[in-house]
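Per-entry structural report
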Amino acid sequence: MFITFEGIEGAGKTTQVKRLHAFLINNGYESIMTREPGGTRIGGHIRSILLDPQNSDMEPLTELLLYTADRAQHINEIIKPALSSNKAILCDRYFDATLVYQGVTRGLNTGLIKKLHETIFNNLKPDITFLLDLAPELGLQRAWNDINNGSRKNHETRFENENSAFHEKIRTGYLELAHSEPGRFRIIDASKDQDHIYQDIIESLIEGNSLLQRV
Ligand code: TMP
């Protein structure tokens, strides 16, 4: 089972990935936590380039190709082996982020981005995607609190530095994507506190499907 978490900055994805991982392990499932960009050693180097606030002059196409390079390494090194051994994969961001950030927001052709994913990654998609949705003002406030209190790295702020119109576009882009694929997406209200968000995720995962049995 391949589960991804998406949302604007400060939505709380990383916390919820860790909590769901603990839930699955405690219930006897094999689970791995990973992320994009930076789920592999090589991806870690690519992540530093992508999120460095000094690289504010990066071309959108450069950005797209670096995220795609990170994904190539990640799919082959982590995701495919985990899928073959029937583990649950909990991934903090994946391809939907490329569609929304590089497509909708940076203005690259979403048809091209989809075609690229189909051609080089055989259109590998998650079984379930949790979209942690909240207002950008709240998300950014949380993200900057984490950066200022040291729980997030202050040299990875290239996207947090973007203006509020950028983050509003990201939110809308994600919501539109979620509505276009209702079978895969679960929209979670991420303005709630961490415990409520966690409960909503667990309920949504268990509710009305047998996916947990397939792990
Ligand atoms: P995060 O790990 O803190 O979520 O940071 C990753 C950043 O990279 C976040 O701002 C979203 C962005 N991103 C893209 O622009 N495109 C992508 O394909 C992915 C995976 C992330």
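In the block above lies the structure referred to throughout.
Residues numbered from 1 in each chain as written. Predicted model: local features only at pLDDT ≥ 70, side-chain atom pairs only at ≥ 80, totals over all residues. Heavy atoms only, no water.

With 53 residues, the main nonpolar core has Ile3, Phe5, Leu20, Phe130, Leu132 and Ile201 as its most contacted residues. Among the elements that take part in this core, helix H3 (residues 60-84) stands out by supplying 6 residues, more than any other. Apart from the residues within four sequence positions on either side, phenylalanine 5 is in contact with Lys13, Gln16, Val17, Leu20, Cys91, Asp92, Arg93, Phe130, Leu132 and Ile201. (Core = buried A, V, L, I, M, F, W, Y, C linked by side-chain atoms within 4.5 Å. Buried < 20%, exposed > 50% of the residue type's maximum accessible area, 1.4 Å probe, protein only. Helix = DSSP H or I, 4+ residues; strand = E, 2+ residues; numbered from the N terminus. Contact = heavy atoms within 4.5 Å.)

Around the ligand lies a shell of 16 residues, among which Glu9, Tyr67, Arg93, Thr98 and Gln102 are the nearest. Tyrosine 67 places a polar side-chain atom, nitrogen or oxygen, 2.7 Å from an oxygen atom of the ligand. Taking glutamine 102, its side chain carries an N or O atom lying 2.8 Å from a nitrogen atom of the ligand. Computed on the free molecule, the ligand has an accessible area of 480 Å², of which 94% lies beneath the protein chains in the complex. Of all the secondary structure elements, the ones that give two or more residues to the shell around the ligand are helix H2 (41-51), H3 and helix H4 (95-105). For the shell around the ligand, the element with the most residues is H4, which contributes 4 residues. Residues belonging to the shell around the ligand are distributed by class as follows: 7 nonpolar, 2 polar and 7 charged. (Near = heavy atom within 4 Å. Polar contact = N/O pair within 3.5 Å; in protein donor to acceptor, adjacent residues only side chain to side chain. Areas by Shrake-Rupley, 256 points an atom, 1.4 Å probe, with all protein chains shown as cover. Nonpolar A, V, L, I, M, F, W, Y, C, P; charged D, E, K, R; others polar.)

Right, let's talk about H4 for a bit. In terms of burial, H4 is a largely internal element, 10 of the 11 residues being buried. Close packing links the buried residues of H4 with strand S1 (2-7), H3, helix H5 (110-121), strand S4 (128-133), helix H7 (164-180) and strand S5 (185-189). Directly after H4, the chain includes glycine 107, whose backbone phi takes a positive value near 85 degrees.

Turning to the packing of H4 against H5, a few remarks are in order. It is at 9 Å that the axes of H4 and H5 come closest, and there the two elements cross at 150 degrees. With respect to each other, H4 and H5 are oriented roughly antiparallel. By crossing handedness, the relation of H4 to H5 is classed as right-handed. Along its contact with H4, which presents Phe95, Thr98, Leu99, Gln102, Gly103 and Val104, the element H5 presents Thr110, Ile113, Lys114 and His117. Residue composition of the contact of H4 with H5, by class: 4 nonpolar, 5 polar and 1 charged. (Axes fitted to C-alpha atoms, helices over the stretch in contact; angles between N-to-C directions. Parallel < 35°, antiparallel > 145°, perpendicular 65-115°, else oblique. Left-handed = near helix turned anticlockwise from the far one by under 90°.)

Most peptide bonds adopt trans geometry, and most residues besides glycine take a negative phi value. Proline 37 follows glutamate 36 through a cis peptide bond whose omega is -10 degrees. Examined against the element boundaries, proline 37 turns out to sit in the loop between strand S2 (31-35) and H2. Phi at asparagine 122 is positive, roughly 55 degrees, even though this residue is not glycine. As for its placement among the helices and strands, asparagine 122 is situated in the loop between H5 and S4. You can call asparagine 122 exposed: its relative accessible area is 70%.

Moving on, we come to the side chain of glutamate 156. One can find glutamate 156 in the loop between helix H6 (136-148) and H7. The exposure class assigned to glutamate 156 is buried, which follows from its relative accessible area of 14%. With sequence-adjacent residues up to four places away left out, glutamate 156 is seen in contact with Arg47, Leu51 and Pro53.

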